[in-house]
Number of protein chains: 2
Amino acid sequence: MLADDGRGRDFLDAVRPGRFLFSLVMSYTETCRIPGITIAGASPDTMQFTPPADAEYLHYGHCKVIDQIPMTPDGKPTPGLLTRTALESAGIPHLAINAGGKIVPQLPFVETGLQPGRDITTEDAMTRDQLTRAVDYGMILGRRLASLADCLVIGESIPAGTTTALAVLRALGFEARVSSSIPENPVDLKNKTAGAALERLDSEKPGDVVATVGDPMIPLVAGMLCSASEVSRVVLAGGTQMAAVLAFASSMGFRKENAAVVTTAYVADDPTANFGELVQSVADIPAVAVDPGLEKSRHAGLRAFAEGFAKEGVGAGGSIMSYMLRTGNGPKEFRDAAEKEYLRLTLR
Amino acid sequence: MLADDGRGRDFLDAVRPGRFLFSLVMSYTETCRIPGITIAGASPDTMQFTPPADAEYLHYGHCKVIDQIPMTPDGKPTPGLLTRTALESAGIPHLAINAGGKIVPQLPFVETGLQPGRDITTEDAMTRDQLTRAVDYGMILGRRLASLADCLVIGESIPAGTTTALAVLRALGFEARVSSSIPENPVDLKNKTAGAALERLDSEKPGDVVATVGDPMIPLVAGMLCSASEVSRVVLAGGTQMAAVLAFASSMGFRKENAAVVTTAYVADDPTANFGELVQSVADIPAVAVDPGLEKSRHAGLRAFAEGFAKEGVGAGGSIMSYMLRTGNGPKEFRDAAEKEYLRLTLR
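Thresholds, definitions, all that
- Residues numbered from 1 in each chain as written.
- Chains lettered and ligands numbered in written order.
- Predicted model: local features only at pLDDT ≥ 70, side-chain atom pairs only at ≥ 80, totals over all residues.
- Heavy atoms only, no water.
- Helix = DSSP H or I, 4+ residues; strand = E, 2+ residues; numbered from the N terminus.
- Buried < 20%, exposed > 50% of the residue type's maximum accessible area, 1.4 Å probe, protein only.
- Contact = heavy atoms within 4.5 Å.
- Areas by Shrake-Rupley, 256 points an atom, 1.4 Å probe, with all protein chains shown as cover.
- Lys, Arg positive; Asp, Glu negative; His and termini not counted.
- Charge placed at Lys NZ, Arg CZ, Asp CG, Glu CD.
- Buried area = accessible area lost by both parts, 1.4 Å probe.
- Salt bridge = Lys/Arg side-chain N within 4 Å of Asp/Glu carboxyl O.
- Polar contact = N/O pair within 3.5 Å; in protein donor to acceptor, adjacent residues only side chain to side chain.
- Nonpolar A, V, L, I, M, F, W, Y, C, P; charged D, E, K, R; others polar.
- Pairing = 2+ DSSP bridges.
- Phe/Tyr/Trp six-rings, centres within 6.5 Å; stacked < 30°, edge-to-face > 60°.
- Lys NZ or Arg CZ within 6 Å of the ring centre and 35° of its normal.

K.L.:
Just to check I follow, could you spell out the overall build of chain A for this structure?
P.N.:
Helix and strand counts for chain A stand at 14 helices and eight strands. For the C-alpha atoms alone, the extent of chain A along its principal axes is close to 50 × 40 × 40 Å. Counting over 348 residues, chain A shows a buried share of 64%. Sequence-distant contacts, at least 24 apart, represent 81% of the contacts inside chain A between residues at least 6 apart. Surface summary for chain A: the accessible area is close to 12,000 Å², and the carbon and sulfur share equals 49%. Averaged over its 33 positive side-chain charges, chain A has a centre that lies 5 Å from the centre of its 41 negative ones.

K.L.:
Even after reading the chapter, I still don't get the interface of chain A and chain B, so can you show me in this structure?
P.N.:
In many analyses, interface size is given as the accessible surface area lost on bringing the parts together. Listed as interface residues are 18 residues of chain A and, on the opposing side, 18 residues of chain B. Looking only at chain A, the three residues that lose the most surface to chain B are A:Pro108, A:Arg144 and A:Leu148, adding up to 32% of its buried area. Remark: the boundary between chain A and chain B carries zero salt bridges. Taken together, the links from chain A to chain B amount to 10 residue pairs in polar contact (both at pLDDT 80 or more). Within the residue set of the side of chain A that touches chain B, elements represented by two or more residues are helix H2 (50–60), strand S4 (109–111) and helix H4 (128–146) of chain A. At four residues, H4(A) tops the list of elements feeding residues into the side of chain A that touches chain B. Of the residues contributing to the side of chain A that touches chain B, the split by class is 11 nonpolar, four polar and three charged. Summarising the sheet, S4(A) and strand S4 (residues 109–111) of chain B pair through three bridges and their orientation is antiparallel. Paired with A:Glu111 across the two strands is B:Phe109, which belongs to S4(B).

K.L.:
How should the packing of aromatic side chains be read in this particular structure?
P.N.:
By convention here, two paired aromatic rings are described through the distance between centres and the angle between planes. Residue and element names in this part refer to chain A. If you walk through the whole model with that rule in mind, you get two aromatic pairs over all chains. Centre to centre, the rings of Tyr323 and Phe334 are 5.4 Å apart; their planes meet at 70°, and the pair counts as edge-to-face. Of the two residues, Tyr323 is situated in helix H13 (residues 316–327) and Phe334 in helix H14 (residues 331–347); the sequence distance between them amounts to 11 residues. With respect to class, Tyr323 is no different from Phe334; both count as buried. The ring of Tyr60 has Lys64 sitting right over it, with the charged end atom 4.5 Å from the ring centre.

Put into structure tokens, the structure is as follows:
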């Protein structure tokens, strides 16, 4: 694991002996229907199934709302494969939270009553009432979950979430170059989309920014971070999307000494993005990169993660960190476990 | 606290040092619309708001779906007052689970997608698919929540739940005389209602019994008990309703050495019911009665609990047990805390 500095290592040492709890925030933004913006789903119409399908796969090992686990159009698996491998291998409890998903998963989940996010190029992502609810409910959830664990790890599943994150970060004045689930990162399309959204924005207030050009995941997770960091340590498990969460949470205030962002080395090392710098500029907390070791896998479907497909998502990086801390295992053991899971899936 | 025997005391000693987690299962049965069968709500049309209002009151200290906390038609407060006093005073984390409620609470809660229970005098309480889902989701939830606590306390809020419990217990061959939220326990009406439901029943299989004459709370909590008792200790916090849960759970199997039923002395001492004997006949696990000490309260609204109004509900007994174990306090200190809460509410 590569902590950016001594502070990052201190954070990892502090959470190592404690109880981990992983939470997956399922969400949705109509922005994902813009052609070419994401491959988090086999087609525009199946995108909406990806978050609940990810949650079901983490829980059951297979999906219920769709037949197979979420795939890219050319059949590469969801990063949830890495998350499931990590959580199952290390026996880490987890739960799913619905923050504006269009489809609910077929398992018990935490409901917030939030509406799906709207297409930020054409209308506001959410009403102010929805924003308030997302922050309030996030704070309630963060407090509750933090009382049940020493380290709350928060991941997300929201197709096109990097684009809404980009818009929020830019509107709040950060030089963001976002990562993507696509190796040929459609930077131009994301910039154009974020730019169109920003044209509709007439306020620099963080709440206005998130309500106008964000998505429901951002204020919910920001609320969770604010309250949970008062009690426990919190890992934001993700890349640029979690930077947007951090930016909004910073405007409300949270305990920085109890928080870190953890992602995969594939995001941290992405030359089209600027993950480490971005986190540093947004909030002065540790940014940790975890190496899942998949570039050496025997399976092309797993090497694809290292090659830039779905480099992060479903809290993969934070889950692998939790796995490594709990088990003492490294990238080699993780790769072995991920290969077993990959084989199990391909034999179905 | 009055444990029935040494085994009950052993159970209390075993859970004392651990982490408690309280869960409130909100549910609904159309059976509550039969006039006179329950006072868990100010009128038949407000009954459906009682479970979510109880959950909101536990969380916020006030309700959102209705203006005031749930009351009987003549203004006596919900037993949730005792639950809230206990959980807040002892700092015990809690969460709400929706198992077929008609109205959802305005806070984050665990959703199961179950339908409201139907009037057992006229139709089956639920389909077999719903029964299966309730048990399956209950088992998932029990496993998840047990991994987060050493002692999982499960309470319920379902108007007319004692009547569906009565029908289930009788159908499964137990001599049940149920307690009630009404001091002049409408025994005849409950017996008549259960009798009418039992006439429609043509099977003695526990699953058929619960689907035909039960309610959604019973199979969900039974599933929770079955899985959670494999990992942690489980307290069924309630009276005769939890006896019905026990009866159904016994048909599926659970770890008896990890389970107990805990209720208030007001239920345990109710001469119209037979709580202790009933639990013994249903499953050989400890039955513990907790004395909230309210007969000496300065406030008539609190003395009413001791006088037979809403003697139990919202997991009051199990919450007070958890409070006493966590804090080392007894009935006197609990009464003081409940009086403060009562004053806070009446000053609003």
